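# Examination of the molecular architecture
Here's the letter readout for the chains.
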Amino acid sequence: MSAILSADDLNDFISPGVACIKPVETLPPTSSPSDPNTLEHEVILDGQHSGPNPNAPAQISLTDCLACSGCVTSAEAVLVSLQSHSELLSVLDGAPALRIAPRRQNGRSDGHSADEFEVHGLENPDSKLFVASVSPQTRASLAAAAGPGVSERNAGRAITQLLMGQEGLRAGGRWNNAFAWVVDTNAAREACLVLGAEEAFGDNSAATKPILTSSCPGWVCYAEKTHPHVLPHISRVKSPQALMGTLLKTTLSRTLGIPPDRIWHLAVMPCFDKKLEASREELTDAVWNGSGQQPGRGVRDVDCVITSKEILMLTESRNIDFFALSRAPIPASLQTPFPDPTLQRFLFPPRRNAQSDPLSGTSGGNLYYTLRYVSARHPGSKIETVRGRNADVAEYTVVSAAGEPIFKAARYYGFRNIQNLVRRLKPARPSRMPGAKAVGATRRPAGKPAGLECAYVEVMACPGGCTNGGGQIKVDDPVVVERKGPEPKPKPGPQEQKQWLARVDEAYFSAEDSDGLEQIGDKNSAAENSGSSDVVGGISSSYIRDTLAHWARITGIDVDRLVYTSYREVLSDVGKNSGKGSSSSTERVVQLAGKIGGGW
């Protein structure tokens, strides 16, 4: 469990359940009364133990947490026992890292294809190849903590220096290990935007309209445990973290000829719930490396997730000042070309599309991109916005040039608003009274249909979106207070926190045009200005589709198995009898209370 996680970090707490399926204290097994060999009383001599200690501490794993519906919070990572900066350091110090080197041919070592690379260190079974992916929200949070004048790109370079550079993790530890590649999840985000828009606007989607976004794991976990009736509506497109994990594990495993468990993928995210997403059985090699039909307990596509706060804890553990790290690009001497040149250009473009439009939001822009995607296919159309009951709820309509509605969408952020959303989607159930109307559905004014009229809804658990994630740096964190100066200041209040979030959002949308590098999407921008519907927001859907097809071709895996996922209702046996003749939950609790001296 991450040491920095506490109840104070849960910014939108729902309520804990009464029981957990992995209790810390367990009762001894109940003997069957029909067994003639069972003794009602047992004589034990002084100092003699009748059996193993029944009070051994319980270990709660991530999989156990996902299998339990006894508690629902907006940050269920309170039960996480691994996936921390300490685990990262432990794995780095476990064995020398695998090294990827260009194979020398005719006296040169270019490395333009997978056949021209060789992997060193495979003789050690504990050695791994380290790769990392970093979210833009994390870079924005660290940029805000660094102070004025530091952009999201500057912070990203500092993170890369930490994970790959000479002055970062490479400078310490048992083996001086570092990461071979550090990629930007924006590449996977752009693919998810195209896939999500096609899913929402197409007629052959596996999800039921209205389609609800799936990139927020807190929302998905909440739906699986408490509102299974919305699962058919949740988008089947993987989140950027999950898609990037699948891309890295499949490509490196197949092109380099090494098993997926020899590749260790770290994701740096703004949210503790991303740790839970990484533990989903649907996001393992059992899906893409097996039959692809049933998820299983295979090798995870994302091995470890740490948050923005934990980046600072990581540097502190190695006595590194994060804010003093170089913000220059990694020198060529430390860079290894990605084994596939097409994916090299996709993952490491000379210059990525800047997120400079605040209308897209700070959660990846799924809704805004889908609206623009629909609008681009209807010349002369416009997007109309109607604000909801609060700033985290809004409805959007794409209106044709003739004034007719073409496409309706909405945004729901924060669990309080999400609960209103799922109530509107709840199907009516037949009444037990003969001839009575169905009950259970949300009441609607006369003349309006029941349910939700939108075709697409962007759902996020955190109020304000992903830049306000539970793992982000807060205004009252010691690192922020210390960098403000030695003079004492009053404890920050809600207004200060609001101003801090504005700084993080400003860093998220910070764009730099000073690099002077030619952008791959420049021709796409020209096409967009000329009215082409293929390019929306600087993203070419045909380029994304071609890249995904190339990925499927080099790995030999169907593209649908690579980019889509599934969900399932999570049932709990809390409060249920485990078998015939077993005591009730109340009786067992009374026994447990008496066993530990509760005196009920």
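Structural data are supplied above this passage.
My aim in this report is to walk through the structure given alongside it, one point at a time. (Residues numbered from 1 in each chain as written. Predicted model: local features only at pLDDT ≥ 70, side-chain atom pairs only at ≥ 80, totals over all residues. Heavy atoms only, no water.)

## Some details on the environment of Ala 200
Let me state the cut-off plainly: In this description a helix means any DSSP run of H or I spanning at least four residues, a strand means any run of E spanning at least two, and both kinds are numbered starting from the N terminus. Throughout, a residue-residue contact means that at least one pair of heavy atoms, one from each residue, lies within 4.5 Å.
Structurally, Ala 200 is set in helix α5 (residues 186–201). On a C-alpha basis, the gap between Ala 200 and Val 457 in space is 9.6 Å, while along the polypeptide they are 257 residues apart. In this view, Ala 200 contacts Lys 209, Ile 211, Thr 370, Phe 407 and Tyr 456; residues no more than four positions away in its chain are not counted.

## Description of the pattern of salt bridges
The following threshold applies: Should a side-chain nitrogen of Lys or Arg be within 4 Å of a carboxyl oxygen of Asp or Glu, the pair is scored as a salt bridge. Residue exposure (1.4 Å probe, protein chains only): buried if accessible area is under 20% of the type maximum, exposed if over 50%, otherwise partly exposed.
Inspection of every chain in the model, using the stated rule, returns 14 salt bridges. Residue Asp 184 is joined to Arg 139 by a salt bridge in which the shortest nitrogen-to-oxygen separation is 3.0 Å. On the criterion of sequence distance, the pair formed by Asp 184 in strand β4 (residues 181–184) and Arg 139 in helix α3 (residues 136–146) is long-range, its members being 45 residues apart. Side by side, Asp 184 and Arg 139 carry an identical accessibility label, which is buried. A salt bridge links Lys 275 to Glu 310; its shortest N-O distance comes to 3.1 Å. Here Lys 275 is found in helix α8 (residues 273–278), whereas its partner Glu 310 is found in helix α10 (residues 308–317), with 35 residues between them in sequence. By relative accessible area, which is 0% here, Glu 310 ends up buried.

## Describing the sheet that holds strand β7 (residues 304–307)
Defined as follows: Pairs of strands are assigned from DSSP output, requiring at least two bridges between the strands. To obtain each axis, a line is fitted to C-alpha atoms, and for helices this fit is confined to the stretch in contact; angles are then taken between N-to-C directions over 0 to 180 degrees.
Pairing in this open sheet of four strands is parallel, and the strands run β4-β3-β6-β7 from one edge to the other. Each edge of the open sheet is held by one strand with a lone partner, namely β4 and β7. Here the strands of the sheet are splayed against their neighbours by 25 degrees on average, with no regard to which way each runs. Bridge analysis of strand β3 (residues 129–134) against strand β6 (residues 263–269) gives six bridges, and the strand direction is parallel. Its bridge partner being in β6, Phe 130 is matched across the sheet by Trp 264. Its contacts with the sheet place helix α7 (residues 240–256) against β3, β4, β6 and β7, and it is angled at close to 160 degrees to β6.

## So, the environment of Asn 468
Under the convention used in this document: A 3.5 Å cut-off defines polar contacts: any pair of N or O atoms within that distance qualifies, except that in protein one atom must be a possible hydrogen donor and the other a possible acceptor, and neighbouring residues in sequence count only when both atoms are side-chain atoms.
Here Asn 468 is to be found in the loop between β11 (456–460) and α14 (478–483). The spacing of Asn 468 and Cys 271 is 197 residues in sequence and 8.6 Å in space, taken between C-alpha atoms. A distance of 2.8 Å separates a polar side-chain atom of Asn 468 from the backbone oxygen of Pro 463.

## Considerations on the nonpolar core
Note the threshold: We call a set of buried residues a nonpolar core when its members are Ala, Val, Leu, Ile, Met, Phe, Trp, Tyr or Cys and they connect through side-chain atoms within 4.5 Å of each other.
Of all hydrophobic cores here, the largest spans 46 residues; its most connected members are Leu 163, Phe 179, Leu 266 and Phe 322. At the level of elements, α2 (85–92), β3, α3, α4 (152–164), β6, β7, α10 and α15 (494–508) are the ones that each hand at least two residues to this core. Setting aside anything within four residues of it in sequence, one finds Phe 179 in contact with Leu 88, Leu 92, Phe 130, Val 131, Ala 132, Leu 163, Met 164, Leu 169, Trp 264 and Leu 266. Core analysis: the next-biggest nonpolar cluster, separate from the first, contains 43 residues, Phe 117, Val 131, Leu 247 and Val 559 among them.

## Structural notes on the packing of aromatic side chains
Where two aromatic rings form a pair, the distance of their centres and the angle of their planes describe that pair. Selection rule: Each aromatic pair joins two rings of Phe, Tyr and Trp (for Trp, the six-membered one) with centres within 6.5 Å, and gets the label stacked for planes under 30 degrees apart, edge-to-face for over 60, and tilted for any other angle.
For the structure on display, the rule yields 10 aromatic pairs. An angle of 65 degrees between the planes, with centres 6.5 Å apart, marks the rings of Phe 201 and Phe 407 as edge-to-face. A residue pair is termed long-range when its members are at least 10 positions apart, and Phe 201 in helix α5 and Phe 407 in strand β10 (residues 405–413) qualify at 206 residues. We classify Phe 407 as buried; its relative accessible area is 6%.

## Looking at helix α17 (residues 541–555)
Each full turn of the α-helix corresponds to 3.6 residues, which orients residues three or four apart in the same direction. Heads up, the rule is: Expected helix span is taken as 1.5 Å per residue step, with the number of steps being one fewer than the number of residues.
With 15 residues, α17 should reach 21 Å at 1.5 Å per residue; the first-to-last C-alpha distance of 21 Å fits that figure. Regarding α17, the residues found buried are Ser 541, Ile 544, Thr 547, Leu 548, His 550, Trp 551, Ala 552 and Thr 555. Tucked into the core, α17 has its buried residues touching α5, α7, α11 (341–347), β13 (539–540) and α18 (559–563). Directly beyond the C-terminal end of α17, a positive phi value near 75 degrees is found at Gly 556.

## Side note on the packing of helix α6 (residues 217–226) against helix α13 (residues 415–425)
To keep things clear, this is the line we draw: For this classification, under 35 degrees means roughly parallel, over 145 means roughly antiparallel, 65 to 115 means roughly perpendicular, and everything else is oblique. Crossings are classed by handedness, with left-handed meaning an anticlockwise turn of the near helix from the far one by less than a right angle and right-handed meaning a clockwise turn. Ten residue types, Ala, Val, Leu, Ile, Met, Phe, Trp, Tyr, Cys and Pro, are classed as nonpolar, four, Asp, Glu, Lys and Arg, as charged, and the remainder, Gly among them, as polar.
Their axes nearest at 12 Å, the elements α6 and α13 cross at an angle of 45 degrees. Here α13 runs oblique to α6, going by the angle between their axes. Read as a crossing pair, α6 and α13 show a hand that is right-handed. Residues Gly 218, Trp 219 and Tyr 222 of α6 lie in contact with α13, whose contacting residues are Phe 415, Ile 418, Gln 419 and Val 422. Classifying every residue of the contact of α6 with α13 by side-chain character gives five nonpolar, two polar and no charged.

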